[in-house]
Amino acid sequence: MLTFIGLGLYDEDSITREGEAALQAADRVFAEFYTSRLLGADVADLEAHHDTEIEVRDRAGVEQNPEPILQAAEDGDAVFLTAGDTMISTTHADLRVRAADRGIDTRVIHGVTAETAASGLTGLQNYRFGKAVTLPFPGLHGAGNVPPSVIESIDANRERGLHTLVYLDIKVDSHRDLAALDTDDPYMRADYAAELLATDWQDELAVVVARAGSPDPVVVADRLSALAEQSFGEPLHLLVIPGDLHHVEADALEALAGAPDELLSTESNR
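Cut-offs and rules
- Residues numbered from 1 in each chain as written.
- Predicted model: local features only at pLDDT ≥ 70, side-chain atom pairs only at ≥ 80, totals over all residues.
- Heavy atoms only, no water.
- Phe/Tyr/Trp six-rings, centres within 6.5 Å; stacked < 30°, edge-to-face > 60°.
- Helix = DSSP H or I, 4+ residues; strand = E, 2+ residues; numbered from the N terminus.
- Core = buried A, V, L, I, M, F, W, Y, C linked by side-chain atoms within 4.5 Å.
- Buried < 20%, exposed > 50% of the residue type's maximum accessible area, 1.4 Å probe, protein only.
- Pairing = 2+ DSSP bridges.
- Axes fitted to C-alpha atoms, helices over the stretch in contact; angles between N-to-C directions.
- Contact = heavy atoms within 4.5 Å.
- Arc of directions from axis to C-beta.

Quick look at the packing of aromatic side chains
Aromatic ring pairs: the centre-centre distance and the angle between the two ring planes describe each pair.
Part 1: All chains considered together, the criterion is met by 2 aromatic pairs.
Part 2: With 5.9 Å between their ring centres and 70 degrees between their planes, Phe4 and Phe80 make a pair best called edge-to-face. Note that Phe4 is positioned in strand S1 (residues 2–6) and Phe80 in strand S4 (residues 78–82), a separation of 76 residues in sequence.

Some points on the nonpolar core
Part 1: If you look at the biggest cluster of nonpolar residues, it comprises 26 residues, and the most contacted ones within it are Leu135, Ile154, Val166, Leu197, Leu224 and Leu227.
Part 2: With 22 residues, the next largest nonpolar core counts Phe129, Ala221, Leu238 and Leu264 among its residues.

Notes on the sheet that holds strand S7 (residues 164–168)
Part 1: With mixed pairing, 5 strands are arranged side by side in an open sheet as S6-S7-S10-S8-S9. With partners counted over all chains shown, the strands left at the sheet margins are strand S6 (133–135) and strand S9 (218–223), one partner each. Neighbour-to-neighbour, the strand axes of the sheet open up by a mean angle of 25 degrees, direction not taken into account.
Part 2: Where S7 lies against strand S10 (residues 237–241), 4 bridges are found, and the strand directions are antiparallel. If you follow Leu165 over to S10, its bridge partner there is Val240.
Part 3: With respect to the sheet, helix H6 (residues 114–122) is in contact with S7, strand S8 (205–210), S9 and S10, its orientation differing from that of S7 by roughly 120 degrees.

Describing helix H4 (residues 67–75)
Part 1: Those residues of H4 that sit buried are Ile69, Leu70, Ala72 and Ala73. Looking down the long axis of H4, one finds its buried residues gathered within 160 degrees of arc, a one-sided arrangement.
Part 2: Of the surrounding elements, those touching the buried residues of H4 are S1, strand S2 (28–31), helix H3 (59–64), S4 and helix H5 (93–101).

Considerations on the sheet that holds S2
Part 1: An order of S3-S2-S4-S1-S5 is seen for the 5 strands of this open sheet, with the pairing classed as parallel. Taken across any chain shown, the strands that pair with only one partner, and hence form the sheet edges, are strand S3 (55–56) and strand S5 (106–109).
Part 2: Judged from the 4 bridges that link them, S2 and S4 form a sheet pairing that is parallel. Residue pairing across strands places Ala31 opposite Leu81, the latter belonging to S4.

Geometry only, nothing functional implied.
Take a look at the structure:
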């Protein structure tokens, strides 16, 4: 058996009770933290809390050389962990398909994701979100500050009145990439992302969500150009670019995120 378990958003307590039971019963436990990670707990915290050893795999160790994971699942009960949910945004469907092709039983124990947290914390309705995008660090993709694909996706969502969830780049597994960026911070912050996006949508309403799932999440709504001038503290951060706003959503952004009234009036009347 190969069981995929989402750890949730923040620390060792964010996992579901079902996931915790499966994790503690496993013969071997693997994890990856290159797509996302828990900011409130490190691997040692997880091992101590769940009384188990965890083998952390890098990208190549999951995508190019999954044999140790698959062999462990053939020999006994193996678990594969990620932050959030293993099949949402940190998608590992390929690993599950490889296991199924070898006759290995699989199951998924879901965890809370940034996608659901963005809706819950902002008050924006989850069924009014369109295609999500990831904003990469400039200099790593060879397409200017913001890749055309990101711009096109946001514009397409807005034309349909839909909100866009913007995931912010993480470079935790590549010293080469960090050297190219000339930064010691592997996490893109929301103010930096807002500055990049403000080039194309300077006066548009956006919402910052910082540290979703933690005891002190931050939610702030304002113009992109204004968000670019603020600081939102420790990662992880994400951005939401709203589309058309239902009046309940507008009320939520004002009450929960401090959105300026003049921006809400514009967006709700688009």
